[in-house]
Amino acid sequence: MDRGARSREELLDAAERLIAEHGFEVPLREIAKAAGQRNNSAVNYYFRSRQDLIDAVVARRLTPMEVERQALLDRMSPQDMTDAQAVLRILVSPFFHSEGTHYARFLEVVRIRLKNEPQSPAESAWPRILDALARLVPLKGRAARERRVAAVATAMFALLADHERQVEADAPRQEQSDSGDGENLEEIVTMLAAMLTAPAARLVVTG
């Protein structure tokens, strides 16, 4: 990796961590400083804007995650696609294999500013999974099902961010074991599946 590529990667690492810890408006000069750059304008040199930086952080993490999701989807049978936990596991499990230690917290901060369209034409796993989840929601009406899926996605980001915080807090005492990761993954999937498949709420009128 040449010097320019290494500097870009260090800026992405710093942006992911600082935005996760301090919010979307963290000064770009602080990101440059955390990346070891002497020039406060280093971020603007490598990225056209703050949004361009955000998109680059996402693209770097999303590409391998989408490859993993696509491989998992290809092994799913039509029957498997009717199992909420099985579909959600495809969505959630790549986060547990990501190299990023702050990525879920980063997404929790920036997700409302993410592009709605895929980052590249090759990214087909995410929309396929969302479509499968929408079909599993026991509500009438497309809009109602899409709202439920959006709420599940919001909960997923929050739960994954909390998992990252817990891993970071536990790091000085012990390394996260594979079995611990598996238990946390299944707990998150179980909670999300219950939320996804819950029946419609009934209005109770009193008095």
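Please read all numbers here as calculations on a predicted model, not as lab measurements. (Residues numbered from 1 in each chain as written. Predicted model: local features only at pLDDT ≥ 70, side-chain atom pairs only at ≥ 80, totals over all residues. Heavy atoms only, no water.)

A. Molecular detail of the packing of helix 4 (residues 50–74) against helix 7 (residues 125–136). It is the contact of helix 4 with helix 7, at a shortest axis distance of 9 Å, that shows an interaxial angle of 50°. Taken together, the axes of helix 4 and helix 7 lie oblique to each other. Listed contacts from helix 7 to Glu-66, Arg-69, Gln-70, Leu-73 and Asp-74 of helix 4 are Ala-125, Trp-126, Arg-128 and Ile-129. The residue makeup of the contact of helix 4 with helix 7, split by class, is four nonpolar, one polar and four charged. (Axes fitted to C-alpha atoms, helices over the stretch in contact; angles between N-to-C directions. Helix = DSSP H or I, 4+ residues; strand = E, 2+ residues; numbered from the N terminus. Parallel < 35°, antiparallel > 145°, perpendicular 65-115°, else oblique. Contact = heavy atoms within 4.5 Å. Nonpolar A, V, L, I, M, F, W, Y, C, P; charged D, E, K, R; others polar.)

B. Examining empty space enclosed by the protein more closely. Using the criterion set out here, one finds one cavity of 30 Å³ or more in the structure. Roughly 30 Å³ of volume is contained in the largest cavity. Residue lining of the largest cavity: Leu-91, Leu-130, Leu-133, Val-149, Val-152, Ala-153 and Met-156, and that is the complete set. Contributions of two or more residues to the lining of the largest cavity are made by helix 7 and helix 8 (142–170). Ranked by residue count, the leading element in the lining of the largest cavity is helix 8, at four residues. (1 Å grid on protein atoms, 1.4 Å probe; cavity = no way out; pocket = protein on both sides within 12 Å on 5 of 7 lines; lining within 4 Å. Points joined across faces, edges and corners; volume = space filled by probe spheres on them.)

C. Summary view of the layout of surface pockets. Space inside the second largest pocket adds up to approximately 370 Å³. For the lining of the second largest pocket, the elements supplying multiple residues, two or more each, are helix 6 (103–110) and helix 8. Counting residues per element, the lining of the second largest pocket draws most heavily on helix 8, which supplies five residues. Tallied by class, residues from the lining of the second largest pocket come to six nonpolar, six polar and five charged.

D. Structural context of the pattern of salt bridges. As enumerated under the stated definition, the model contains 15 salt bridges in all. Here Arg-61 and Asp-13 are joined by a salt bridge, their closest N and O atoms 3.9 Å apart. With a gap of 48 residues between them, Arg-61 in helix 4 and Asp-13 in helix 1 (residues 3–22) connect regions that are remote in the sequence. Among the ionic pairs, Arg-61 bridges to Glu-16, the shortest N-O distance being 3.0 Å. You can see Arg-61 sitting in helix 4 and its partner Glu-16 sitting in helix 1, a full 45 residues away along the chain. You'll find Arg-61 and Glu-16 in the same group, each marked buried. The structure contains a network of salt bridges with shared partners spanning Glu-9, Asp-13, Glu-16, Arg-60 and Arg-61. (Salt bridge = Lys/Arg side-chain N within 4 Å of Asp/Glu carboxyl O. Buried < 20%, exposed > 50% of the residue type's maximum accessible area, 1.4 Å probe, protein only.)

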